[in-house]
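# Descriptive analysis of the structure
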Amino acid sequence: MKSPLLYAQAALTVTAAALRARLESAAQQVKDDGDRGDSPISTVVIIVAAVAGALLIAGGLAAAYGRANGKLNGILGG
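Residues numbered from 1 in each chain as written. Predicted model: local features only at pLDDT ≥ 70, side-chain atom pairs only at ≥ 80, totals over all residues. Heavy atoms only, no water.

## Topic: the overall build of the protein chain
- Along the protein chain, the regular secondary structure elements total 2 helices and 0 strands.
- Within the span of the protein chain, comprising 78 residues, buried residues form 1% of the whole.
- Here the protein chain displays about 7,100 Å² of accessible surface, and carbon together with sulfur accounts for 68% of that area. (Helix = DSSP H or I, 4+ residues; strand = E, 2+ residues; numbered from the N terminus. Buried < 20%, exposed > 50% of the residue type's maximum accessible area, 1.4 Å probe, protein only. Areas by Shrake-Rupley, 256 points an atom, 1.4 Å probe, with all protein chains shown as cover.)

So, in structure tokens, the structure goes:
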């Protein structure tokens, strides 16, 4: 009768070897392909556009509330 520990050790050894081979393959692929991340310029443009849009919306709401001269007291729960 074979020991279950022997089977577990063999399975662990095979799994560790496969994992090591996969990690080496992935590291080589990253080294060959380079970084595939987003450009920092496009990220900055998107963030600036989002902030500008939020400011325009907030300014529009403030202007609408100002024109109403406080007639919207019950709408916002205030």
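## A short note on helix α1 (residues 4-33)
- In this model, α1 (30 residues) spans 43 Å end to end at C-alpha, consistent with the 44 Å of a helix rising 1.5 Å per residue.
- Within two residues after α1, Gly 34 carries a phi angle of roughly 80 degrees, on the positive side. (Expected span 1.5 Å × (residues − 1).)

## Examining a nonpolar patch on the surface
- A cluster of nonpolar side chains, contributed by Ile 47, Val 51 and Leu 55, occupies part of the molecular surface with about 300 Å² of accessible area.
- Within the secondary structure, Val 51 sits in helix α2 (residues 40-67). (Patch = residues over 30% accessible without salt bridge, like charges linked within 9 Å, V, L, I, M, F, W, Y side chains within 5 Å. Salt bridge = Lys/Arg side-chain N within 4 Å of Asp/Glu carboxyl O.)

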